[in-house]
Amino acid sequence: MSDVTAGARLHGGSGALRAGVFVGLFAALFAALIFAIGAGRFAVSPGRIAEIIFAWMAAPSAPLENIDERIVLLVRMPRVLIAAVSGAALAVGGAALQGVFRNPLVSQQVLGISQGAAFGGALAILLGYAGVTLLGLAFIFGLAALVIVGLLARINGRTEIVTVILSGMVVGALFSALVSVVQFVADPNTSLPAIVYWLMGSFSTATWARFWLGLPGLAIGIVAVWLFRYRLNLLALEDTEARSLGVNPDRERWFIFIATALMTATSVAIAGIIGWIGLVIPHAARILVGEDHRVLIPASAILGATYLTFVDTLARTLTSAEIPLGVLTALIGAPVFGLLLRRHFSKANQP
Amino acid sequence: MKTVMPLGIASLILAGASAAHADPIEITDQAGREVVLEKPAERVASIPMPMASTLIAIDGGVEKQVGMNPVAKQAVLDGILGKIYPEARDIPSDITAPNFIPNVEELAATNPDLVIQWADRGNDLVDPITNAGLTTMLISYGTEEKARDYMTMSAVAMGRDDRIGPLIEWREEVASDIADKAAAIDDADKPKVLYLLRAQETLKASGAKNNYNTWYIELAGGKSASADLEANGVTINPEQIAAWNPDVILLNNFESDISPERIYEDPILSLTNAAQNHKVYRMPLGGYRWDPPNTESPLTWMWLAELLHPDVFDYDLRAEMKDAYAKIYDYDLTEDDIDGILWTDLNEGAANYEQFKAKS
């Protein structure tokens, strides 16, 4: 992409138009949340849901006696919130990585972070751990995957985008193999089904406890990237240019990497691998608000939250059985990604 | 070789009191393959998990077991069979990975006459065994008919036709006795029973098609709460269970730490009819888990029938168990053994569970 078009897109769109886009995004998120709270296998009327939520807001610690109250407040509410925050974090992580690598085709999965975190989580399940230990192992191995990619891709002090992506594939393949090893030794009656289902991605075990377990990692990651939104624009420049503007690209890249690894590992720990959000959502956001990370990051966050809330609602309501979330996001994400690839390369090949 | 054998076989057959013929044994297995054994199998290696306890029960001993699935072996050692047959701990279990992928060299090293493997998990699990020149019998799992079939096949293969007849008759008798009595139960009085295949973290249940649990729930005068599921062993959410609102919840034995407390402490599941009326039970664990088909299944049916309709059925379960264990394993169950199998500690206080207590 030439500097001229990049500059035009960076400043593209008037302020009023952009404000309108954000109003629309917030409205969509709000609508998705309302839809998600209202939909479910257990019939609760919309009026009753509003009554339950208002009663809860008036007296949050009042004991919940009725089953419809518990379903709305203890099953749907934490699940919808976890889905929304995870969606936001995955999308923000993807947008940040794409900015850092100056390549719209990278994501947490392309760089092997998801697979690393998956290995950590699968190992935790195999060893009989859950909760904080699972989260910790997922983070450690997610970060380890990223570090290995960084080391592999750095040749003669320079890090080429192509080597990063190839290294990511190598490391991703390595950790996928390690996940297979864990599955191979797992007991097919007990831990294996747990690992397989968890890897497919699901929020079906969502509780408030799990929400509070995941919130810190996801929120810290989102806020960290958001605070870095100005720097991301600089990191998107060539390293020499960035240095001349007073940025230490290497150090700041690592800041983004750690924030992304934290978000990815946390989301993998609480819900398994949910693919394609980090790849597809930032692209959609770019189409809406342009390439400026100051607006791209918040737009990705809202759009990611909306999308994952909506898809998760489909996963839990379409049939009596839960549809694995990763299946739905991949079914929607893969074709969209294919179209984006074509669009990207047909543009890149233009004179 | 064959000309020298008849004497040996004859003495064997006398010992086993089996049909005295020296003809090869021909079996059509559950994949429709022809399995030919020159003589009853003396050395059997089993890869599917439920086969380990089934073969021990059919043979009434562990001498012919030369290999089994490591997970199945652990289950045998942890359960009552480990107590009845302490020598089971010496059976090799490195012939297969837990996921049924055979280690052909280890398998061949045990020099088995017969290897038993799954029929419906793809040829990749079977070809290495047959390529190694080992006689392989494939079994399939899921319904009472299939269970009776593979039990009979295994008995024939081991030359224990004498043992399997009574076991099958027992299944037939108990099943038809329960069905006769249950026929009088009005449809409206049949409770909705939910069998949870997994409950510790994710909740899993099964539909009615080709599902063994549904079969005996209906036999014992119940209705499957999860009949509208399309497949077996799929994940469901608590909200779905609330919508079904089962009258009885049965917990599996695959999760070793599961207890009815899991349901009573869950904010949603504790409000179901089952939890409110204290009708949450962990299924018993005998020679094998009582939830899937096994050689002790008639005891499972009696147990469930007594729980669902104590006024219709009047089995003395403890006496039936003693009888069955004496017949199958030649073992005299103690009162403590029975309490352990029935989880009287975990199921303490549950509705209708008093009847299973030892009469002092």
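In this text, all values refer to a predicted model and were calculated from it rather than measured experimentally.

Procedures and definitions
- Residues numbered from 1 in each chain as written.
- Chains lettered and ligands numbered in written order.
- Predicted model: local features only at pLDDT ≥ 70, side-chain atom pairs only at ≥ 80, totals over all residues.
- Helix = DSSP H or I, 4+ residues; strand = E, 2+ residues; numbered from the N terminus.
- Rg over C-alpha atoms; globule rule 2.2 N^0.38 Å.
- Contact = placed C-beta atoms within 7 Å.
- Buried ≥ 20, exposed ≤ 12 C-beta atoms within 10 Å, placed from the backbone.
- Pairing = 2+ DSSP bridges.
- Nonpolar A, V, L, I, M, F, W, Y, C, P; charged D, E, K, R; others polar.
- Axes fitted to C-alpha atoms, helices over the stretch in contact; angles between N-to-C directions.
- Core = buried A, V, L, I, M, F, W, Y, C linked by C-beta atoms within 7 Å.
- Parallel < 35°, antiparallel > 145°, perpendicular 65-115°, else oblique.
- Left-handed = near helix turned anticlockwise from the far one by under 90°.
- Expected span 1.5 Å × (residues − 1).
- Bend = angle between axes of the 7 residues up to and from the residue.

Novice: An account of the overall build of chain A is requested, with residue identities and associated values reported.
Specialist: A count of helical and extended segments in chain A gives 15 helices and 2 strands. Taken over the C-alpha trace, chain A has a radius of gyration of 21 Å; the compact-globule value for 351 residues is 20 Å, and the two agree within 12%. Principal axes of the C-alpha set define a box for chain A whose edges measure 65 × 55 × 35 Å. In chain A, once contacts between residues fewer than 6 apart in sequence are set aside, the share between residues at least 24 apart is 78%.

Novice: Outline the overall build of chain B, supporting the account with residue identities and numerical values.
Specialist: Broken down by element type, chain B carries 15 helices and 12 strands. For chain B, the C-alpha radius of gyration of 21 Å lies close to 21 Å, the compact-globule estimate for 360 residues. C-alpha atoms of chain B, sized along the principal axes, occupy 70 × 45 × 35 Å. Out of the 360 residues in chain B, the part that is buried amounts to 48%. Partitioning the contacts of chain B with sequence separation of at least 6, the portion at a separation of at least 24 is 64%.

Novice: Give a detailed account of the pairing of strand E7 (residues 192-196) of chain B, specifying residues and quantitative values.
Specialist: All names here are of chain B. Burial within E7 is extensive, with 5 of its 5 residues counted as buried. In E7, alternate side chains face the same way, and those of Lys-192, Leu-194 and Leu-196 on one face and Val-193 and Tyr-195 on the other are all buried. In the sheet, E7 pairs with strand E9 (residues 223-224) via 2 bridges, with the strands oriented parallel. Across the sheet, the residue bridging to Val-193 is Ser-224, located in E9.

Novice: I'd like a description of the pairing of strand E1 (residues 25-28) of chain B, backed by residues and values.
Specialist: Across 4 bridges, the pairing between E1(B) and strand E2 (residues 34-37) of chain B is antiparallel. When the sheet's bridge partners are listed, B:Glu26 is paired in E2(B) with B:Val36.

Novice: How would you summarise the interface of chain A and chain B if you had to cite specific residues and measurements?
Specialist: Each side of the interface is counted separately: chain A has 24 residues, and chain B has 25 residues. Top element by residues in the side of chain A that touches chain B is helix H4 (residues 67-100) of chain A. It accounts for 5 residues. Of the residues in the side of chain A that touches chain B, the class split is 12 nonpolar, 7 polar and 5 charged.

Novice: Please set out the sheet that holds E7(B) residue by residue, giving values where relevant.
Specialist: The 4 strands are arranged E9-E7-E11-E12 (chain B) in an open sheet whose pairing can be described as parallel. A strand with exactly one partner marks an edge of an open sheet, and here the two such strands are E9 and strand E12 (280-282) of chain B.

Novice: Tell me about the environment of B:Val62, and please be specific about residues and values.
Specialist: Residues and elements named next belong to chain B. Following the sequence through the fold, Val-62 ends up in the loop between helix H2 (49-59) and strand E4 (65-68). In the structure, Val-62 is positioned 273 residues away from Glu-335 in sequence and 24 Å away in space, judged by C-alpha atoms. Apart from the residues within four sequence positions on either side, Val-62 is in contact with Ile-56, Tyr-85, Glu-87, Ala-88 and Ile-91.

Novice: Before we move on, can you summarise the sheet that holds E4(B) with the specific residues and values?
Specialist: All names here are of chain B. Read from one edge of the open sheet, 4 strands run E4-E3-E5-E6, paired in parallel fashion. In this open sheet, the two edge strands, each paired with only one partner strand, are E4 and strand E6 (136-139). Within the sheet, the average angular offset between the axes of one strand and its neighbour, ignoring direction, is 20 degrees. The sheet contact formed by strand E3 (residues 44-46) and strand E5 (residues 114-118) spans 3 bridges and is parallel. Bridge assignment links Ser-46 to a residue of E5, and that residue is Ile-116. Taken strand by strand, H2 contacts E3, E4 and E5, and its axis lies near 150 degrees from that of E3.

Novice: Describe in detail the environment of A:Gly131, supporting the description with residues and values.
Specialist: Turning to its location among the elements, A:Gly131 is positioned in helix H6 (residues 131-153). Once the C-alpha coordinates of A:Gly131 and A:Phe175 are considered, the two residues, 44 residues apart in sequence, prove to be 21 Å apart.

Novice: I'd like to hear about the nonpolar core, residue by residue, with values.
Specialist: For soluble globular proteins, nonpolar side chains are generally found buried alongside one another. Counting residues in hydrophobic clusters, the biggest one holds 215 residues, and the most contacted among them are A:Val92, A:Ala138 and B:Leu196. When residues of this core are assigned to their parent elements, the largest contribution, 21 residues, is made by H4(A). Among all residues touching A:Ala138, those that are not within four sequence positions of it are A:Ala117, A:Gly120, A:Gly121, A:Ala265, A:Val268 and A:Ala269.

Novice: Got a sec to walk through the packing of helix H7 (residues 144-157) of chain B against helix H8 (residues 161-182) of chain B? Specific residues and values, please.
Specialist: How two helices pack is summed up by the angle between their axes together with the distance between the axes. Residues and elements named next belong to chain B. Running from N to C, H7 and H8 cross one another at 165 degrees; their axes reach a closest spacing of 8 Å. Relative to H8, the element H7 is oriented roughly antiparallel. Crossing angle aside, the handedness with which H7 passes H8 is right-handed. Contacts from Arg-148, Met-151, Thr-152, Ala-155 and Val-156 of H7 reach H8 at Asp-161, Arg-163, Ile-164, Leu-167, Ile-168 and Arg-171. When the residues that make up the contact of H7 with H8 are grouped by side-chain class, the tally is 6 nonpolar, 1 polar and 4 charged.

Novice: Break down unusual backbone geometry for me, citing the residues and quoting the values.
Specialist: Phi at A:Trp276 is positive, roughly 75 degrees, even though this residue is not glycine. Its place among the elements puts A:Trp276 in the loop between helix H12 (249-271) and helix H13 (277-289). According to the C-beta neighbour criterion, A:Trp276 is buried, with 24 such atoms within 10 Å. One non-glycine residue, B:Asn245, lies in positive phi territory at about 45 degrees. In this fold, B:Asn245 is placed in the loop between helix H10 (238-244) and strand E11 (248-251). For B:Asn245, a count of 16 C-beta atoms within 10 Å corresponds to the partly exposed category.

Novice: Tell me about the environment of B:Gly82, residues and numbers included.
Specialist: Residues and elements named next belong to chain B. Within the fold, Gly-82 resides in helix H4 (residues 80-84). With 17 C-beta atoms packed within 10 Å, Gly-82 lands in the partly exposed category. Here the alpha-carbon distance between Gly-82 and Thr-143, two residues 61 residues apart in the chain, equals 27 Å. Residues within four places of Gly-82 in sequence aside, it is in contact with Val-76, Leu-77 and Ala-88.

Novice: Give a detailed account of H4(A), specifying residues and quantitative values.
Specialist: Residues and elements named next belong to chain A. The end-to-end C-alpha distance of H4, which contains 34 residues, comes to 48 Å, matching closely the 50 Å that a straight helix rising 1.5 Å per residue would cover. At Arg-76, H4 is bent by approximately 35 degrees, the largest bend along its length, and proline Pro-78 sits one to four residues beyond. Most of H4 sits out of view: 31 of its 34 residues are buried. Backbone geometry just downstream of H4 places Arg-102 in the positive-phi region, at approximately 50 degrees.

Novice: Could you give me a rundown of helix H2 (residues 15-38) of chain A, with the residues and numbers involved?
Specialist: Residue and element names in this part refer to chain A. Between its first and last C-alpha atoms H2 spans 35 Å; for 24 residues at 1.5 Å apiece the expected length is 34 Å, and the two agree. Along H2, the residues that are buried comprise Leu-25, Leu-29, Ala-32, Leu-33, Ala-36 and Ile-37. Against the buried residues of H2 lie helix H3 (46-58), H4 and helix H14 (293-317).

Novice: Describe the packing of H2(B) against helix H3 (residues 70-78) of chain B, and please don't skip the residues or the numbers.
Specialist: Residue and element names in this part refer to chain B. Direction vectors running N to C along H2 and H3 enclose 50 degrees, while the axes themselves pass 7 Å from each other. For the element pair H2 / H3, the angle class is oblique. Viewed along their axes, H2 and H3 form a crossing whose handedness is right-handed. Of H3, the residues touching H2 (which contributes Met-49, Ala-52 and Ser-53) are Val-71, Ala-72, Lys-73 and Val-76. Split into classes, the residues belonging to the contact of H2 with H3 amount to 5 nonpolar, 1 polar and 1 charged.

Geometry only, nothing functional implied.
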